[in-house]
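# Working through the structure, step by step
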Amino acid sequence: MTRSRWPRLFARDAGWTPGNHVRLLQNGAEFFPALIAALDAAQHEIHLETYIFNADASGEAVRDALMRAARRGVAVRVLVDAVGSRELPPGWRDALASAGVELMAYRPPVPGWRVNPKSLRRLHRKLAVVDARIGFVGGMNLIDDYVPAGFDAPRLDFSVEVQGPLIAALHRSARRMWQRVALARLQIAPRAGVEPSWPVDGRTRAAFVVRDNFAHRRDIERAYLAALAFARRDILIANAYFLPGRRFRKLLKRAAARGVRVRLLVQGHTDHPFFQLAARALYRELLAAGVEIFEYHASELHAKVAVVDGHWATVGSSNIDPFSLLLAREANVLVDDRAFAEDLRARLDGACAGAAKLDPADWQRRPWWRRQLSEAAYAVVRAVLGLLGAGRWV
């Protein structure tokens, strides 16, 4: 596949930036040491965003690194989602504040939030920018790989470490997010911080894409759709909550019809059984079209990654479902690099090898009551989306 066949994906106006170092990090064993090392080296400014900040050993290690940075004079700003991090202990909040860490919660719930559609607009992105020179983007929350307990293997998830000119986009996005939340609370936004800097020997083209409720409502979805449309050899998607819209499903089926090998790695175990029930309503049409589906049972699958044709890849926080792609604030990094893509694909190949591959014939013969339960759950999801004005999406 030559890049000339992918004009829309790699156009300059799509935000692609050359000259970066992008390192793939799998699970907490790779992510937390890299993040903490960057926090401990910080000299000026730290921005950190997460959906979940959990009170466990991994969260404690990050908390202590943030406190050490603040005590040596680094401006440390931590933004958590008010729902995802609602169980963050008051003692932890007090300790962070005492050390000088600025902590804010995104969209604290109000009475009736569970039935208010606007309450679904969460800060789901996982982003850290240190001294405007090194950044982290991905799917990993500040939570231990083995929480909740019950699995012998760690949660399967990915992030990337970014150095290079793309850091300017990460830094700008993190500062703007902090400023918006601060202004909503009638607080004074921080003054301009350190200017972005980076090494000059990077070789990787990458792009930073976000989903918000303003100018970037569909950017992540469009990046996926373009990659699927131009795929000529193989598509491998690993996604924790997979409930794609009509256009997404159509492009997957069209890719399979033109001979592209299409593989989906989805959850076998789930913390949202109703959502999984609804998602399984779509498996029949995808399997019938030649899409291969693997359910991951070794542990919890939390990844939000994809590889197309061995050189386009994405790692981020966005699930392929209506809540991520239509409601939440998300952040992904796109990578145009064969070595990076092959590394990610090799890791996903290993996960697929140990997963349960769904047999199309067996899936067609499922008991009628299982099919009806899935269809009913899917109908409920469609009804909810209709109330949100997005019923046509599914």
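Anyway, here's the lowdown on the structure attached to this text. (Residues numbered from 1 in each chain as written. Predicted model: local features only at pLDDT ≥ 70, side-chain atom pairs only at ≥ 80, totals over all residues. Heavy atoms only, no water.)

With that out of the way, let us pick up the overall build of the chain. When you go through the chain residue by residue, the secondary structure sums to twelve helices and 15 strands. Rg of the C-alpha trace for the chain: 21 Å, near the compact-globule value of 21 Å for 394 residues, within the 12% margin. Dimensions of the chain, computed from the C-alpha atoms along their principal axes, are close to 65 × 50 × 40 Å. Expressed as a percentage of the 394 residues in the chain, the buried residues total 57%. If you take every contact in the chain between residues at least 6 apart in sequence, the share linking residues at least 24 apart comes to 82%. A distance of 8 Å separates the average location of the 58 positive side-chain charges in the chain from that of its 40 negative side-chain charges. (Helix = DSSP H or I, 4+ residues; strand = E, 2+ residues; numbered from the N terminus. Rg over C-alpha atoms; globule rule 2.2 N^0.38 Å. Buried < 20%, exposed > 50% of the residue type's maximum accessible area, 1.4 Å probe, protein only. Contact = heavy atoms within 4.5 Å. Lys, Arg positive; Asp, Glu negative; His and termini not counted. Charge placed at Lys NZ, Arg CZ, Asp CG, Glu CD.)

A few words now on the side chain of Asp-336. With respect to the helices and strands, the residue Asp-336 is situated in strand β14 (residues 330–336). Using a relative accessible area of 5% as the deciding quantity, one classes Asp-336 as buried. Looking at Asp-336, its side chain comes within polar contact range of the side chain of His-311, at 3.4 Å. (Polar contact = N/O pair within 3.5 Å; in protein donor to acceptor, adjacent residues only side chain to side chain.)

Here the focus is helix α12 (residues 368–387). A rise of 1.5 Å per residue sets the reference length of α12, with its 20 residues, at 28 Å; its end C-alpha atoms lie 29 Å apart and thus fit the reference within 8%. For α12, the elements touching its buried residues are α6 (246–257), α7 (273–279) and α9 (322–326). (Expected span 1.5 Å × (residues − 1).)

Turning to helix α2 (residues 57–71), a few remarks are in order. For α2, spanning 15 residues, the distance from its first C-alpha to its last is 21 Å, which sits close to the expected 21 Å at 1.5 Å a residue. Taken together, the buried positions of α2 are occupied by Ser-58, Gly-59, Val-62, Arg-63, Ala-65, Leu-66, Met-67, Ala-69 and Ala-70. Among the structural elements, α1 (27–41), β2 (45–50), β3 (75–81) and α3 (90–99) are those in contact with the buried residues of α2. Measuring from the backbone nitrogen of Ser-58 back to the side-chain oxygen at the start of α2 gives 3.1 Å, which picks out Asp-56 as the cap. Following α2 by one or two positions, Gly-73 adopts a phi angle in the positive range, close to 100 degrees.

For the pair α2 and α3, the least separation of the axes is 8 Å and the interaxial angle reads 20 degrees. With respect to their mutual orientation, α2 and α3 come out roughly parallel. Contacts between α2 and α3 involve Gly-59, Glu-60, Arg-63, Leu-66, Met-67, Ala-70 and Arg-71 from the first element and Trp-92, Ala-95, Leu-96 and Ala-99 from the second. Taken together, the residues of the contact of α2 with α3 break down into seven nonpolar, one polar and three charged. (Axes fitted to C-alpha atoms, helices over the stretch in contact; angles between N-to-C directions. Parallel < 35°, antiparallel > 145°, perpendicular 65-115°, else oblique. Nonpolar A, V, L, I, M, F, W, Y, C, P; charged D, E, K, R; others polar.)

Bringing the pairing of β3 into the picture now. Counting buried positions along β3 gives six out of seven residues, so the element sits mostly inside the fold. Judged from the six bridges that link them, β2 and β3 form a sheet pairing that is parallel. When the sheet's bridge partners are listed, Glu-45 is paired in β3 with Ala-75. In this region the chain leaves β2, passes through α2 and returns to the parallel neighbour β3; the handedness of that crossover is right-handed. Strand direction decides the pairing type here: β3 and strand β4 (residues 102–106), joined by five bridges, are parallel. Within β4, the residue paired with Arg-77 across the bridge is Glu-102. Following the chain from β3 across α3 to the adjacent parallel β4, one finds a crossover that is right-handed. (Pairing = 2+ DSSP bridges. Right-handed = clockwise from strand over helix to strand, strands pointing away.)

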